[in-house]
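Report on the structure
Each chain, written out:
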Amino acid sequence: MAIVSVQDASVSFGGPPLLEHVDLQVEKGERVALIGRNGEGKTTLLRLIGSRLLPDGGRIILQKGLSVGSLDQDLPRGLTGSVAEVASGGNRATSSKSPQDHEVATVLTKLSLNPYDRFENLSVGFKRRVLLARALAIAPDLLLLDEPTNHLDIPAITWLEEYLLKYRGTLILITHDRAFLRKLATRIVELDRGRLLNWECDYRTFLERRDAALEVEEAQRNRFMRKLAKEEAWIRQGIKARRTRNEGRVRVLMKMRDEQQALRTRTGSVRMQIEEAERTGKLVIEAEKISHAYGGNPLIRNFSVRIMRGDRIGIIGPNGVGKTTLLRILLGETPPEKGVVRQGANVEAVYFDQLRAQLDEDRTVQESIADGKEVFDLNGGQRHVIGYLKDFLFSPDRSRSPVRILSGGERNRLLLARLFSTPSNVLVLDEPTNDLDMETLELLEERLLEYSGTILLVSHDREFLNGVVTSTLVFEKNGVITEYAGGYDDWLRQRPHPSEEKISARKTAKGKVEPRKQWVHPEKPRKLTFKESRELEELPRNIEQLETEQRSLYARMADPNFYREAGEKVGGAKARLDELEKTLEQTYARWQELENLRQERR
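In this report, we go over the structure that sits alongside the text. The structure presented is a predicted model; accordingly, all values stated were derived computationally and were not measured.

Structurally, Leu-553 is set in helix α16 (residues 530-558). With 23 residues separating them along the chain, Leu-553 and Arg-576 place their C-alpha atoms 8.7 Å apart. In this structure Leu-553 touches Ala-573, Arg-576, Leu-577 and Leu-580, once residues within four positions along its chain are discounted.

The buried count for strand β12 (residues 312-316) comes to 5 of 5 residues, which makes it a mostly enclosed element. The alternating pattern of β12 places Arg-312, Gly-314 and Ile-316 and Ile-313 and Ile-315 on opposite faces, both of which are buried. Strand direction decides the pairing type here: β12 and strand β18 (residues 454-458), joined by 4 bridges, are parallel. Bridge pairing links Ile-313 to Leu-456 in β18. Both β12 and strand β19 (residues 471-475) contribute to a ladder of 4 bridges, which runs parallel. Of the residues in β19, the one forming a bridge with Gly-314 is Thr-472.

Further remarks concern the packing of helix α3 (residues 101-110) against helix α4 (residues 124-137). Relative to each other, α3 and α4 sit at 140°, their axes nearing to 9 Å. Here α3 is positioned oblique relative to α4, judged by the angle of their axes. In this structure, α3 crosses over α4, and the sense of that crossing is right-handed. Contact with α3, carried on its side by Glu-103, Val-104, Val-107 and Leu-108, involves Ala-133, Leu-136 and Ala-137 of α4 and no other residues of that element. Its residues placed into classes, the contact of α3 with α4 shows 6 nonpolar, no polar and 1 charged.

Tracing the backbone through its elements, the reader meets Ser-67 in the loop between β4 (57-62) and β5 (68-71). Using a relative accessible area of 5% as the deciding quantity, one classes Ser-67 as buried. Here the side chain of Ser-67 touches Asp-141 through a polar contact of 2.9 Å, landing on its backbone nitrogen.

Moving on, we come to helix α1 (residues 42-49). Think of an α-helix as 3.6 residues a turn; residues three or four steps apart then line up on the same face. The buried count for α1 comes to 6 of 8 residues, which makes it a mostly enclosed element. If you check which residues of α1 are buried, you get Lys-42, Thr-44, Leu-45, Leu-46, Leu-48 and Ile-49. Looking one or two places after α1, you find Ser-51, whose phi comes out positive at around 60°.

Once that is clear, we can look at the sheet that holds strand β14 (residues 349-352). The 6 strands are arranged β14-β17-β18-β12-β19-β20 in an open sheet whose pairing can be described as mixed. Edge positions in the sheet fall to β14 and β20 (481-485), since each of these pairs with one other strand and no more. Each adjacent strand pair in this sheet contributes to an overall mean axis angle of 15°, direction not counted. Here strand β17 (residues 426-430) runs beside β18; their pairing, made up of 5 bridges, is parallel. Bridge pairing in β18 links Asp-430 to Val-458.

What counts as what
- Residues numbered from 1 in each chain as written.
- Predicted model: local features only at pLDDT ≥ 70, side-chain atom pairs only at ≥ 80, totals over all residues.
- Heavy atoms only, no water.
- Helix = DSSP H or I, 4+ residues; strand = E, 2+ residues; numbered from the N terminus.
- Contact = heavy atoms within 4.5 Å.
- Buried < 20%, exposed > 50% of the residue type's maximum accessible area, 1.4 Å probe, protein only.
- Pairing = 2+ DSSP bridges.
- Axes fitted to C-alpha atoms, helices over the stretch in contact; angles between N-to-C directions.
- Parallel < 35°, antiparallel > 145°, perpendicular 65-115°, else oblique.
- Left-handed = near helix turned anticlockwise from the far one by under 90°.
- Nonpolar A, V, L, I, M, F, W, Y, C, P; charged D, E, K, R; others polar.
- Polar contact = N/O pair within 3.5 Å; in protein donor to acceptor, adjacent residues only side chain to side chain.

This is how it looks when you write it as structure tokens:
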């Protein structure tokens, strides 16, 4: 039995409907991810389910006695008190449950929150952490989370993942974090042009099936538009009056015109280009034995690095550890307390500020680009600001709106538009992924990979780091920063495992206990057997055959005529597709296992 039932619900705020006669059933224990472009209505749907917004039409039915916990993107106004008091407040608007003190304490500890701090004095990011703790601590039957990973560092994100995997209630979440989504979602619900599209699969499978469905939709739209153009050309030639067949054809044309008016085009994609300046010298930045502290606490200790032209460096570490301080020191904005920082020749850096302080709230979107000019130079030509902003999904009306009314995603897009219009050869990006939808994130990845300059990137988005950076600076304990080759996953493989170093105590001859460092070396990896070597050689061929069959099935199922076949054929094809997905997953896992063994022996 569904614990959440959305029935024929519609919502509009004056323009095209955000939600148009949508239906959704959510069963107990499901982990449902709501995805879609910015502005499609994901947050609106979550508010409907949480009883914080009424639909224009239709009904929202929750199971009787259901307790609901929620985290909104927007902060509630007027909330005051200590962190512990706010976290213990439950979710009074949607739940009568109250958390136990030990549950509150546990969640606050895992989210690195001091229970005695005043809520009203915290940054926006830490206020959201407190509200997340408040939602989790009551252990509700239904948990509604809107971008829960925003402003969380990687340790907090991984803890939240594990918590939600063990959570026995029902979860509906909105997130742009693709790694988070892949690990948690058991079902995908996509919002697209006012409709809800249900995908009973994980995120990886959804991407494949959605692309096939969009290709079918585009082909159908093209056929419709060709037929409409043909009929319009026919009617312009004139028709003989009162002929029954012609009158019927006119009626069909009128109906097609109505259908065309009803068509809603898919939200366009961001089209971004990065304006590049003349190349830097080979050496971009060199830091030698720099140290820096704040309030007596060491942030950076005896750190040296050479950043060369074309490097793409990720910087990771817990919140408050000093990542932004390191950026400012490397850029020459803040002098280190000890050590020396030198910049190479012809460095022209642009800086993406995670707090978006570079945006003037009282200026319009249009005035925020090119210092208010209507036309500016870009990539060897001239662009009108309104046309340029369209590339970042700002309509002409929205371009004339003040910055202060923009959503978080719109502000991020505006800041990217502003930075990418400025010639640069060093890009410094401090948490650029917050509030961006997944399609924009993927495009941003592509543009950064095409960028010939140098990139310094602070991010908690693990998949974004994996896709962009070539090396990673990791804040270890007590201000120590270590450099690792590759992205986030590469760091996980390279970092010392806790089991590699153990501290034991031994008694001295005088009876005192003396600590001793004992290194525990991992066992030497074994060789592949002859049978395993042959298996490893065969696996790529097997994977290729499985993927070829899988692509063939997807193409077949994307054809609308496929579903007119007998039910047993359709069911058999779906069953075979599920079997292929499981087999591929097992085959890839086996290939990775054998490949790792072979690499470790080298």
